[in-house]
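As a plain string of letters, each chain reads:
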Amino acid sequence: MKSLPIITITLTLALLGGCQKNLDWRPLDGASANPAQLEKASKACRIEIKLAGLERAQEERDQKLGAASTNQAKMLVEDDYEQIKRQVYLEIDTCMRKQGYKR
């Protein structure tokens with residue numbers, strides 16, 4: 001039975017990783033995205049670092065959920081993680097908009 005949580009966490013991380021790497025950015029003016037400029041903007045906004053931090057937050061959330069003894073405690077853990085997730089994506093979106101891109 002211990003393998004079930006490990007499998008679940010692994011699948012979740014794989015899906016999350018796949019989705020995060022595929023953020024679909026387009027220039028604000030609607031033109032075609034230049035891959036070199038998009039990469040430069042991505043590095044300037046430190047997207048990879050922020051998404052790695054979000055992954056660590058998810059792992060921490062999973063550990064806390066396993067240790068939580070009540071539904072209320074689990075809800076608080078989920079709420080904290082969702083707030084972190086919203087903040088990270090807001091930071092990424094704001095920076096990329098300043099660089100001239102939107103999702």
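Residues numbered from 1 in each chain as written. Predicted model: local features only at pLDDT ≥ 70, side-chain atom pairs only at ≥ 80, totals over all residues. Heavy atoms only, no water.

Asks: Can you tell me about the packing of aromatic side chains, naming the residues and giving the values?
Replies: With the rule as written, the count across this model stands at zero aromatic pairs. In this structure, Arg-61 is placed above the aromatic ring of Tyr-81, and the distance from its NZ or CZ to the ring centre is 4.5 Å. (Phe/Tyr/Trp six-rings, centres within 6.5 Å; stacked < 30°, edge-to-face > 60°. Lys NZ or Arg CZ within 6 Å of the ring centre and 35° of its normal.)

Asks: Account for the environment of Glu-78, with residues named and values stated.
Replies: Along the polypeptide, Glu-78 turns up in helix α4 (residues 71-98). Residue classification places Glu-78 among the partly exposed positions, given a relative accessible area of 26%. A C-alpha to C-alpha distance of 9.6 Å links Glu-78 and Gln-58, two positions 20 residues apart in sequence. What Glu-78 contacts, discounting residues up to four positions off in sequence, is Arg-61 and Leu-65. (Helix = DSSP H or I, 4+ residues; strand = E, 2+ residues; numbered from the N terminus. Buried < 20%, exposed > 50% of the residue type's maximum accessible area, 1.4 Å probe, protein only. Contact = heavy atoms within 4.5 Å.)

Asks: Before we move on, could you go through the confidence of the model for the protein chain and cite the residues and values that matter?
Replies: Averaged over the protein chain, the pLDDT score is 85; the fraction of residues at 70 or greater is 79%. Taken as a whole, residues 15-20 scores under 50 in pLDDT and shows seven contacts with residues more than four places along the chain or in a different chain. (pLDDT = per-residue confidence, 0-100.)

Asks: So what's going on with the state of the cysteines? Residues and values would help.
Replies: The full count for this structure, using the stated rule, is one disulfide. Across the disulfide, Cys-45 is cross-linked to Cys-95 (sulfur-sulfur distance 2.0 Å). Its S-S torsion of approximately -90° makes the covalent link between Cys-45 and Cys-95 left-handed. Of this pair, Cys-45 sits in the loop between α2 (35-44) and α3 (47-67) while Cys-95 sits in helix α4, placing them 50 residues apart in sequence. Considered together, Cys-45 and Cys-95 belong to a single accessibility category, that of buried residues. (Disulfide = S-S within 2.5 Å.)

Asks: Tell me about the pattern of salt bridges, and please be specific about residues and values.
Replies: Scanning all chains against the criterion turns up five salt bridges. Residue Lys-50 is joined to Glu-91 by a salt bridge in which the shortest nitrogen-to-oxygen separation is 3.9 Å. Taken together, the residues span a long stretch of sequence, with Lys-50 in helix α3 and Glu-91 in helix α4 at a distance of 41 residues. Taking relative accessible area as the criterion, Lys-50 reaches 22% and is therefore assigned partly exposed. (Salt bridge = Lys/Arg side-chain N within 4 Å of Asp/Glu carboxyl O.)

Asks: Mind laying out the packing of α3 against α4, listing which residues take part and the relevant values?
Replies: Look at α3 against α4: their axes get within 10 Å of each other, and the N-to-C directions meet at 175°. The orientation of α3 with respect to α4, classified from their angle, is roughly antiparallel. Contacts between α3 and α4 involve Ile-47, Lys-50, Leu-51, Leu-54, Ala-57, Gln-58, Arg-61, Lys-64 and Leu-65 from the former and Lys-74, Val-77, Glu-78, Tyr-81, Ile-84, Lys-85, Val-88, Tyr-89, Glu-91, Ile-92 and Met-96 from the latter. For the contact of α3 with α4, the class distribution of residues is 12 nonpolar, one polar and seven charged. (Axes fitted to C-alpha atoms, helices over the stretch in contact; angles between N-to-C directions. Parallel < 35°, antiparallel > 145°, perpendicular 65-115°, else oblique. Nonpolar A, V, L, I, M, F, W, Y, C, P; charged D, E, K, R; others polar.)

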